[in-house]
Amino acid sequence: MARPTRAEMLELAEDREKCAARCDRNAASGDRAAADTANSLTVRAHAETAANSARNHAREYREEAAALRDGRLPGEDW
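Residues numbered from 1 in each chain as written. Predicted model: local features only at pLDDT ≥ 70, side-chain atom pairs only at ≥ 80, totals over all residues. Heavy atoms only, no water.

Turning to the environment of serine 29, a few remarks are in order. With respect to the secondary-structure elements, serine 29 resides in helix H1 (residues 6-35). When its relative accessible area of 37% is taken as the criterion, serine 29 is described as partly exposed. For the pair serine 29 and alanine 47, spaced 18 residues apart in the sequence, the C-alpha separation amounts to 8.3 Å. (Helix = DSSP H or I, 4+ residues; strand = E, 2+ residues; numbered from the N terminus. Buried < 20%, exposed > 50% of the residue type's maximum accessible area, 1.4 Å probe, protein only.)

Next comes the structure, spelled out in structure tokens:
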């Protein structure tokens, strides 16, 4: 498989940033559900777990975007 061009890598980086923003919105939604006392303790705990997972995904997407902007493929350094 051919290495992506610089333009393709920048396009992929932009996509990863959009994914990170979506994960940020999901984390905020989970935080709201976790804080909502109208929800059961189980729902609140699951919402907190989901929010943390979404934050981790957002971080990973941003790391991938940074690598792509630097001209590296995500995971290439491993």
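That was the structure; now back to the text.
Tallying each qualifying case throughout the model produces 9 salt bridges. Taking the shortest distance from any N to any O, the salt bridge between aspartate 31 and arginine 55 comes out at 2.9 Å. Separated by 24 residues along the polypeptide, aspartate 31 in helix H1 and arginine 55 in helix H2 (residues 41-69) bring together distant segments of the chain. A salt bridge links arginine 72 to aspartate 70, with the nearest nitrogen and oxygen atoms 3.5 Å apart. One network of salt bridges, in which partners are shared, links Glu17, Asp24, Arg62 and Arg69. (Salt bridge = Lys/Arg side-chain N within 4 Å of Asp/Glu carboxyl O.)

The subject of this paragraph is the environment of arginine 62. Among the structural elements, arginine 62 can be located in helix H2. Note on arginine 62: relative accessible area 33%, which makes it partly exposed. Contacts of arginine 62, omitting those with residues within four sequence positions, involve Glu17, Ala20, Ala21 and Asp24. (Contact = heavy atoms within 4.5 Å.)

Taken by themselves, the reported measurements are silent on function.
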